[in-house]
Amino acid sequence: MHEQANKILQALTGAGFDDARVSITEADVNELNIAHNHVSLMRTTQNQSLAVMAIKDKRRVTASVSSLDESVIEKVIADLQRDVATSPQDEAYAVAPGQSGDFTKGPQSVDRDAIAAAAKSLLQSRSEEFPSFQIEECAIKHTLAKNTLVTTADTQLSSSVGSYEVMIMGSSKDEHGSSSFTYTGGEMDALPERLTEVLDIGEIMANSVQETQTSMIKEKFTGDVVLMPMAVMDLIGWLTSQLGDGALISQTSVYQKSVGDMIGAPSLTIRNNPEGAGERAYNGEGFTIGPVTLVDGGKLTRLLPTYYGSRKLDIPYTASGGSWSIDPGSISRADMQASVERGALVGRLSMGSPAPNGDFSGVIKNSFLLENGVRTQALTETMITGNVAQMLQDIQAISAEVSDFGGSRLPWLKISGLRFS
Amino acid sequence: MSFADFSRVGEYNEFRQHELRKRRLVMVDGNLMVNDNSHALGESARAYQNGYWGFASATQPTGADKLGNIALANAQALQLFGGSSRPLPQQAHQGEHGVACRPNWSSEQLIEWQQSVNDLARSRYDKLASMTVLALDEYHDKFVQNSLGARTYNNISRAMVYLLMTVKDKDDKPVELMQVIGGKGSFGDLDMSMASVEAQLDELYEHLMAKREAVHAQGGLQSVVLAPNLAGMLAHEAMGHPCEADLVLGGAVTGDMRGERIASDLITMVDLAHSYEGQELAVPVYADDEGTPAQDVTLIKDGILTDFMHNRETATAFDNPATGNARAYGPDDEPLIRMRNTAILPGTSKLDDMIADVEDGYYLMKTGNGQADTTTEFMFGINLGYEIKNGQLGRAIKDTTLSGSAIKMLQSVDAVSGDMHWDSSGYCGKKQPMVVSMGGPAIRAKAQLGGE
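Residues numbered from 1 in each chain as written. Chains lettered and ligands numbered in written order. Predicted model: local features only at pLDDT ≥ 70, side-chain atom pairs only at ≥ 80, totals over all residues.

With that settled, the discussion passes to the domain arrangement of chain A. All names here are of chain A. Domain boundaries in chain A define domain 1 (2-208) and domain 2 (214-420). Each partner contributes to the interface: domain 1 provides 29 residues, whereas domain 2 provides 23 residues. The set of elements that each furnish at least two residues to the side of domain 1 that touches domain 2 consists of β4 (100-105), β5 (133-151), β6 (156-174), β8 (182-188) and α4 (201-208). Class assignment of the residues belonging to the side of domain 1 that touches domain 2 gives a composition of 11 nonpolar, 13 polar and 5 charged. (Domains from an automatic or database assignment. Contact = placed C-beta atoms within 7 Å. Helix = DSSP H or I, 4+ residues; strand = E, 2+ residues; numbered from the N terminus. Nonpolar A, V, L, I, M, F, W, Y, C, P; charged D, E, K, R; others polar.)

Moving on, we get to the domain arrangement of chain B. Residues and elements named next belong to chain B. Looking at chain B, the domain boundaries give domain 1 (12-212) and domain 2 (220-449). Taking only C-alpha atoms into account, the centre of domain 1 sits 20 Å from that of domain 2. The interface of domain 1 with domain 2 comprises 40 residues on the first partner and 28 residues on the second. When residues of the side of domain 1 that touches domain 2 are traced back to their parent elements, those giving at least two are β1 (12-28), β2 (31-49), β3 (52-58), β4 (94-97), β5 (128-146), β6 (151-168), β7 (174-184) and α3 (194-212). Tallied by class, the residues present in the side of domain 1 that touches domain 2 amount to 17 nonpolar, 15 polar and 8 charged.

With that settled, consider the pairing of strand β12 (residues 297-301) of chain B. When a strand is regular, its side chains alternate between the sheet's two faces. All names here are of chain B. Here strand β9 (residues 269-272) pairs with β12 via 3 bridges, running antiparallel. Its bridge partner lying in β12, Asp-271 is registered against Val-297. Linking β12 back to strand β13 (residues 304-305) in an antiparallel pair, the connection comprises 2 residues, with Asp-302 at a positive phi of about 50°. (Pairing = 2+ DSSP bridges.)

Here we come to the pairing of strand β24 (residues 432-435) of chain B. Sheet topology places strand β23 (residues 427-430) of chain B next to β24 of chain B; 4 bridges connect them, and they run antiparallel. Within the sheet, the bridge partner assigned to Lys-430 of chain B lies in β24 of chain B and is Gln-432 of chain B.

Turning next to helix α2 (residues 70-84) of chain A. Taking 1.5 Å of rise per residue, the 15 residues of α2 of chain A would be expected to cover 21 Å, and the 21 Å separating its terminal C-alpha atoms lies within 8% of that figure. Listed as buried for α2 of chain A are Ile-73, Val-76, Ile-77, Leu-80, Asp-83 and Val-84 of chain A. Along the axis of α2 of chain A, the buried residues cluster in a sector spanning 130°; they form a single face. For α2 of chain A, the exposed residues lying more than 90 degrees away from the buried face are Ser-71, Glu-74 and Ala-78 of chain A. Where α2 of chain A is buried, its residues touch α1 (2-14), β2 (38-56) and β3 (59-65) of chain A together with β2 and α2 (107-124) of chain B. (Expected span 1.5 Å × (residues − 1). Buried ≥ 20, exposed ≤ 12 C-beta atoms within 10 Å, placed from the backbone. Arc of directions from axis to C-beta.)

Glancing now at the sheet that holds β12 of chain B. All names here are of chain B. One open sheet holds the 6 strands; their spatial order is β13-β12-β9-β16-β25-β22, and the pairing between them is mixed. With partners counted over all chains shown, the strands left at the sheet margins are β13 and β22 (421-423), one partner each. Sitting on the sheet, helix α4 (residues 228-240) is in contact with β9, β12, β16 (341-344), β22 and β25 (437-440), with an inclination near 115° to β25. (Axes fitted to C-alpha atoms, helices over the stretch in contact; angles between N-to-C directions.)

Listed below in structure tokens is the structure:
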């Protein structure tokens, strides 16, 4: 694969390109699916892909195909030659220079017996402990992804990353009614004996079976939210989108000039997690990923442009990967809930993308009313309104317990000042 | 790509050859950030044995026999969970259905056009902070054969342009709105003339100027008039997903409500297979990826919940005919129950009258994404809307979210316009993405709005 990548690189320079990046991936997937509480499908897929970025006369073009046949590659190069001439010139186009390494990580072969055992244990736990929970869809899979990435600027990288991944979605149904759907998922190096003990699976099932009887709030109020990990991911997603190329190049990011500023509560520290299960040691641009602290005690340490974006805007580049973790705090989740006078424990936010300025309103799902420190009824048709940038500032507490999703490790967050309606 | 040699394995099996071509060009303020072509080609086989499915796919040419045997072995491997066979519906379609496209635009033409749009916007709108012009087209070709004798070719082609304008409000915070030009076929099938673009950008900029001064909506239950391009989203998210038979089996509340009144008698909602009033729709599905002939599914008829959308397996479970809703997005995806062209059918009211009759409420015009739920509690983001005061449009409102129980909302509908707006600009997400279209008239109802 490595040899073939370099051969394609040579063909690109031979075709007149000044610079190029070639990435070849071969992925084998074994996946067991559960539907409606029953094992339903076993999948095996074998995918091959070639992704090329090529630069000529400061013009850039990219392409990807699912075949490595010589005739296909010849056509790709011919198409790139045709298309690159149409691109406008930009000095910022460049390929990753001088990166090297050969990385192997995670289980390199599938254990189909372990996948079957995990499915059995999950179905058994559901029927014995949470019989009203309906697994609408669950996938337990092993992926082995082999990649090689080379550039004309002396980058030579290769990796073989194996991991198991579990995704589960479902809802509860009993004589009272149906709950909202709930879901979780993540990656790991080995499947546990009991799936309910990882990825918060047992917790979301336990909550879901209590959500078939719901109430609406009686009146509008301003209060606190305790965000569980799936809702915390929405906050991080909005933050990183504000730090990326789209917002930065269009000069519309609310954090355009905020490096060094306090953008979050002093208790908030956000890091990447390159050691997490399934995480590759280098990114798609061809840069190796090291440890990165994005927000340090509330202070923004850097922006996250691509290599192109960093050259375009003349700002530092950081290869960070795409998974983020929040450092744990010191309060237990139980004490965090007990500290809320009026608000809600929020499992999931159902909302459109927050506005570029951070304003949002969203329906809170898989959520419970908190009154005088006590978790009471499950909520329905309840919305919260606020501003995501302000929410980061208004974090009152971070839980000591952290949920591990492989790439991401996330605590619960208590945030004040949300409007409930 | 063409039909392959095919042989039967297991109780039922199918073989799909699948090609997916996409092109994406993204220009931000004159900078071409993405100029990308992708081409995925693959084969897949699926086999059914003793109540279990096996699936296998490869990007390398492998052949129906070899992949079919791997798929069967996968199905047989699941026999350790027990299992019993249930006969699948026997419908099988034969036919070839392509979308007739006008000659497409080259990347060079598109980039020149994107630059012209950027220059036009820069010269015309003095408060414009940023202009993004995104062009995307995609072509799906599938050859499907199965052991029941189905032999079908289906093509879906669509092209889209997203025009995203951003201005700054008085606090220097960004405010944005997007306009989509898109539809079936290639860029050659769209009206991308500068006169048309200019008119659409003028209108968008006018709304942006109003949105710079926008106020928060009043949170809570409100009277709302949904513009025609929002009703399609309501159809898809609010009642479409809960009427997918796999979600029904997963516990959706709709499972116990067939034959019951769940909406005002003004509401009829249909998932159309390929045509409406004699016109082929944006996502024409004549046969699905299980080789089932596709038929329209009336989900709600005059307010009564009637039918669900099925694949072969759920059709067996419900003892209903398969409806042709089993669709796979990529070459390595197995077919899932997906909507096609989902619409609320038009009524007889006039939009202007529907607004004029509202004393205190909101006119909601543009949406971003949406989400459904097993409870029928839906939400979708509102990116453009105006207050209605005493029958007149008032101030613009800030971005908000519309939500509520779809059943309660549809029961509160008291007017449906005679308009019909179709949209096929985004993707539906459900394990895999999927190309869908949605349509509807303007609707007046009561629903929860996020806000002060």
